[in-house]
Amino acid sequence: MSDKSLLSAIAANIAPSPTLAVDSKAKELKAKGEDVCGFGAGEPDFDTPEFIKEACIQALHDGHTKYAPAPGIMPLREALAEKYRLENGLTDVQPSQVIVSPGGKYSCYLAILAVTGPGDEVIVPAPYWVSYPEMVKMAGAKPVTIFAGQEDDFKVSPEQIEAAITDKTKLLILNSPSNPTGAVYKPEEIEKIVELALKRDLLIMSDEIYEYLLYDGVEHVSPASFSKEAADHVITVSGFSKTFSMTGWRLGTLVAPSPIAKAVASIQSQTSSNATTFAQYGALAAMQQPEKSSEAIHEMLGHFDRRRMKLLGGLNSIEGITCARAQGAFYLFPNMSSFGLDGNEFAKQLLEDQKVAVVPGEGFGAPGYMRLSYATSDEVIEKGLSRLEDFCKSI
Ligand SMILES: Cc1ncc(COP(=O)(O)O)c(C=O)c1O
C-alpha cells in the first residue's frame, strides 16, 4: 500500500507533538551520558505529594482495580463540583456536569469533539498550546488562528476575536494562564471576551490547567463564573498534572452544560471507558485534604517563582533576546527573531552545539519565539543560560 491509502486523511494531516519530541530527544541524549540542559519539559520536576500516592496505594489494596463509571467515580465528581462552586464561582454546577478523563489533553479533545465537526470553525488564539489546532482538525473542523505577540502581552483582544468570527464559528479556545507564553488574562479582559461570546452565541473552551500557577499576585478567573448564561456557553477543562505533579497519572477534568457533559460521557464510554480507577482515588485525596494540597502547591510555587525570575533576568541580559515577564504557568516565551534564524534551526543547533533543549515557537504558531520551561532545577537554569549566551554570541 502507498502511504496515501494506508493512512486516513485525518491521520495523514496530523503533526506529532513538537514539545514531546524535544523532550524525548533531550532524554535520549541524557541517556547516552550527554550533559543536557532541558528546558523542554511541560511537567513539574517535583514528585507527586506523598499523601496522594498513599491514597492511590490504599485504593489498590482496597480492590479499586476494576472499571469505574465512564464519567468518573462519584465522590471525585462531587468534590470537583464543590471546588468549582466555591473556588471558581460556577455557582450552579452539579456533579453530573463533571467528567473525569484520562488527562487534561483528553478533556480538551473530548470537549472539541463534542461540540465541533465538519463545517465548523474554531478560533484559536496564538501562540497556542500545540495540541489545539491538531485536535480541531481531528474533529473535522477548521482551526482559525489569531495572533498576539509580545507587544500585546500575548493576549488577543475582543476586537481581534470579533474580526475572526464567521457564520461558521462555533467555538473559541481560551487558555489562561497560557502554555506557551505564561500570559494571564485579567478578569476584566475575560469578562469582555465572555460578553462577546454571548453576543455572538459562541461556545468557549476554557483550559484552566495552570489556574493555580500564578505569580506577582495576579488573579485567575473562570469565564463560566460571570453569569448563568456564561456557564451555559463554557466548557471548563483542567486536570491534576500540573497542580499536583501528577503528569504520569493521566487525570483530566471537564465541567460543561448538561447536554455537553452527557455527550462527553458517551464519547468517553465508547473510547477510553474511564480514567484509571485507582488513580482517581489519589486525586480524591488531593480534593479532600485541601490543607495538605495547598501546602504542596505553595511550596512548589515558591520554587517556580524564584526560577522564573532567575530565567527571566538571565534571558533579558543576553544580547538579541527579549523576554516578557510572564505571570503564570511555568514557561517563558522569549523573542529571538533578531538572530534571523528559523526557530527549528535555532533549536536544533542549540541542542547540537550546546546541549540545551528548548521548543521552537513554530509549533505554537509563533515563529521568532522559543519556549523555555522553568520546571527544572536552579542548576540547569544557570548552566543553560550561560550556554545559551555562548550560543547567541556564536551566531
Ligand atoms: C495548556 C495545556 N492544556 C492541557 C494540557 C494537558 O495536560 P495533561 O494531559 O497532562 O493533563 C497541557 C499539558 O501540557 C497544557 O499545557
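Residues numbered from 1 in each chain as written. Predicted model: local features only at pLDDT ≥ 70, side-chain atom pairs only at ≥ 80, totals over all residues. Heavy atoms only, no water.

With that settled, the discussion passes to the pairing of strand S12 (residues 370-373). Neither face of S12 is left uncovered, since the one carrying Met370 and Leu372 and the one carrying Arg371 and Ser373 both have all their residues buried. Across two bridges, the pairing between strand S9 (residues 331-332) and S12 is antiparallel. Its bridge partner lying in S12, Tyr331 is registered against Ser373. Pairing of strand S11 (residues 359-360) with S12 involves two bridges; the strand directions are antiparallel. (Buried < 20%, exposed > 50% of the residue type's maximum accessible area, 1.4 Å probe, protein only. Helix = DSSP H or I, 4+ residues; strand = E, 2+ residues; numbered from the N terminus. Pairing = 2+ DSSP bridges.)

Residues Glu188, Glu191, Glu195 and Glu219 make up a contiguous surface patch of negative charge. Position of Glu191 relative to the elements: it lies in helix H9 (residues 187-199). A relative accessible area of 36% means that Glu191 is categorised as partly exposed. (Patch = residues over 30% accessible without salt bridge, like charges linked within 9 Å, V, L, I, M, F, W, Y side chains within 5 Å. Areas by Shrake-Rupley, 256 points an atom, 1.4 Å probe, with all protein chains shown as cover. Salt bridge = Lys/Arg side-chain N within 4 Å of Asp/Glu carboxyl O. Lys, Arg positive; Asp, Glu negative; His and termini not counted. Charge placed at Lys NZ, Arg CZ, Asp CG, Glu CD.)

Quick look at helix H12 (residues 277-288) now. Each α-helix turn comprises 3.6 residues. Residues three or four places apart therefore point the same way. The terminal C-alpha atoms of H12 lie 17 Å apart, and with twelve residues this matches the ideal 16 Å at 1.5 Å per residue to within 8%. Most of H12 is tucked away: nine of the twelve residues are buried. Every buried residue of H12 is listed here: Thr277, Ala279, Gln280, Gly282, Ala283, Leu284, Ala285, Ala286 and Met287. Those residues of H12 hidden inside the fold are in contact with helix H4 (50-61), helix H5 (74-86), strand S2 (98-101) and helix H13 (290-316). (Expected span 1.5 Å × (residues − 1). Contact = heavy atoms within 4.5 Å.)

On to the pattern of salt bridges. Taken as a whole, this structure holds 24 salt bridges when the rule is applied. Note that Glu43 and Lys27 form a salt bridge whose closest N and O atoms lie 3.9 Å from each other. Placement of Glu43 in the loop between strand S1 (37-38) and H4 and of Lys27 in helix H3 (residues 18-31) is noted, with a sequence separation of 16 residues between them. The shortest N-O distance in the salt bridge between Glu352 and Lys348 comes to 3.8 Å. Residue Glu352 and its partner Lys348 are both found in helix H14 (residues 343-354); the two are separated by four residues, about one turn of the helix. The class for Glu352 is partly exposed, based on a relative accessible area of 48%. A single salt-bridge network, built from bridges that share partners, covers Asp45, Arg306, Arg307, Lys310, Asp378 and Glu382.

Within the structure shown, the criterion is met by 16 aromatic pairs. For the pair Tyr210 and Phe330, a centre-to-centre distance of 5.6 Å together with 90° between the ring planes defines the contact as edge-to-face. With Tyr210 in the loop between strand S6 (203-207) and helix H10 (228-231) and Phe330 in the loop between H13 and S9, this residue pair connects regions lying 120 residues apart in the sequence. Where Phe346 meets Phe391, the ring centres are 5.2 Å apart and the plane angle is 90°; that geometry is what we call edge-to-face. Within this pair, whereas Phe346 is found in helix H14, its partner Phe391 is found in helix H15 (residues 378-394), the two being separated by 45 residues in sequence. Phe391 carries the same exposure label as Phe346, and that label is buried. (Phe/Tyr/Trp six-rings, centres within 6.5 Å; stacked < 30°, edge-to-face > 60°.)

One frequent convention defines the size of an interface as the accessible area lost when the parts assemble. What the domain assignment lists for the chain is domain 1 (3-48 + 293-394) and domain 2 (67-288). Counting from both sides, the interface comprises 41 residues of domain 1 and, opposite them, 36 residues of domain 2. When the buried area of domain 1 at its contact with domain 2 is split by residue, Thr48, Gln327 and Phe364 rank highest and sum to 18% of it. Scanning the region where domain 1 abuts domain 2 turns up two salt bridges. With a shortest N-O distance of 3.0 Å, Asp216 and Arg325 are connected by a salt bridge. Applying the counting criterion to the domain 1 and domain 2 interface returns 19 residue pairs in polar contact (both at pLDDT 80 or more). When residues of the side of domain 1 that touches domain 2 are traced back to their parent elements, those giving at least two are H3, H13 and S9. Considering every element that reaches the side of domain 1 that touches domain 2, the biggest residue donor is H13, with seven residues. Within the side of domain 1 that touches domain 2, the residues separate by chemical class into 23 nonpolar, twelve polar and six charged. (Domains from an automatic or database assignment. Buried area = accessible area lost by both parts, 1.4 Å probe. Polar contact = N/O pair within 3.5 Å; in protein donor to acceptor, adjacent residues only side chain to side chain. Nonpolar A, V, L, I, M, F, W, Y, C, P; charged D, E, K, R; others polar.)

Counted residue by residue, strand S5 (residues 169-175) has six buried out of seven residues, so it is predominantly covered. Strand direction decides the pairing type here: strand S3 (residues 121-126) and S5, joined by three bridges, are parallel. Across the sheet, residue Glu121 finds its bridge partner in S5, namely Thr169. As judged from the five bridges shared by S5 and S6, these two strands associate in the parallel manner.

Moving on, we get to the site of the ligand. Contacts to the ligand come from 13 residues, most closely from Gly104, Asp207, Ser241, Lys242 and Arg250. Separating an oxygen atom of the ligand from a backbone N or O atom of Gly104 is a distance of 2.6 Å. Arg250 places a side-chain nitrogen or oxygen 2.6 Å from an oxygen atom of the ligand. Against a free-state accessible area of 390 Å², the protein chains account for coverage of 93% of the ligand. Split by residue class, the shell around the ligand holds four nonpolar, five polar and four charged. (Near = heavy atom within 4 Å.)

Below, the discussion takes up the packing of helix H6 (residues 104-115) against helix H7 (residues 131-138). Where H6 contacts H7, the axes come no closer than 9 Å and their chain directions differ by 40°. Comparing their axes, H7 and H6 come out oblique. Crossing geometry of H6 relative to H7 is assigned as right-handed. Between H6, through Lys105, Cys108, Tyr109 and Ile112, and H7, the contact on the second element is made entirely by Ser131, Tyr132, Met135, Val136 and Met138. Of the residues belonging to the contact of H6 with H7, the class tally is seven nonpolar, one polar and one charged. (Axes fitted to C-alpha atoms, helices over the stretch in contact; angles between N-to-C directions. Parallel < 35°, antiparallel > 145°, perpendicular 65-115°, else oblique. Left-handed = near helix turned anticlockwise from the far one by under 90°.)

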